[in-house]
Amino acid sequence: SESTALFSVTGMTCSACAGSVEKAVKRLPGIKDAAVDVLNNRAQVVFYPTFVNEETIRETIEDVGFQASLIT
Ligand code: 9UX
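As the structure is a prediction and not an experimental result, all values here were calculated from the model.

### Notes on the nonpolar core
Of all hydrophobic cores here, the largest spans 16 residues; its most connected members are Val9, Val21, Ala43, Val45 and Ile61. Elements with a contribution of two residues or more to this core: strand S1 (3–10), helix H1 (15–27), strand S2 (31–37), strand S3 (42–47) and helix H2 (54–64). Excluding residues that lie within four positions of it along the chain, alanine 43 makes contacts with Phe7, Val9, Val21, Ala34, Val36 and Ile61.

### A closer look at the site of the ligand
Near the ligand, the surroundings consist of Met12, Thr13, Cys14, Ala16 and Cys17. Here the residues of the shell around the ligand sort into four nonpolar, one polar and no charged.

### Re the sheet that holds S2
Within the open sheet, the four strands sit side by side as S2-S3-S1-S4. Their pairing is antiparallel. The open sheet has two edge strands, S2 and strand S4 (67–70), and neither has a second partner. The average angle at which neighbouring strand axes cross in this sheet is 25 degrees, direction not considered. Here six bridges tie S1 to S3, and the two strands are oriented antiparallel to one another.

### Thoughts on H2
For H2, the complete set of buried residues consists of Ile57, Arg58, Thr60 and Ile61. Along the long axis of H2, the arc covered by the buried residues comes to 160 degrees, so they all point the same way. Every exposed residue of H2 that faces more than 90 degrees away from the buried side is listed here: Glu55, Glu59 and Asp63. Looking at the buried residues of H2, the elements they touch are S1, H1, S3 and S4. Count one or two residues on from H2 and you reach glycine 65, which has phi positive near 120 degrees.

Rules of the game
Residues numbered from 1 in each chain as written. Predicted model: local features only at pLDDT ≥ 70, side-chain atom pairs only at ≥ 80, totals over all residues. Core = buried A, V, L, I, M, F, W, Y, C linked by C-beta atoms within 7 Å. Buried ≥ 20, exposed ≤ 12 C-beta atoms within 10 Å, placed from the backbone. Helix = DSSP H or I, 4+ residues; strand = E, 2+ residues; numbered from the N terminus. Contact = placed C-beta atoms within 7 Å. Near = placed C-beta within 6 Å. Nonpolar A, V, L, I, M, F, W, Y, C, P; charged D, E, K, R; others polar. Pairing = 2+ DSSP bridges. Axes fitted to C-alpha atoms, helices over the stretch in contact; angles between N-to-C directions. Arc of directions from axis to C-beta.

Right, here's the structure in full:
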C-alpha cells in the first residue's frame, strides 16, 4: 500500500521553485502524488514503497538544488 512522507525543503523562494521540485519528484517511479508548499517550506509526497523510498525522494529534491530533510 502507499506511504506518505513529509520533507522540510529550504531555499525555495518562488512558486516556480516549488513547481520544479514537484515535477522532479513526480517523474520518479512509484510516486502517487507530490505537493510542495513554498510558503511553509514543506513537500508532502505519497508513494509506493515497493518502488521508491524516502531517501531517493530526498536526494531528488536536493538534485534540483534545495536542501531537504525528512520530517515524518
Ligand atoms: Mo524560484 Mo526562479 O526561487 O529562478 S527564484 S525558480
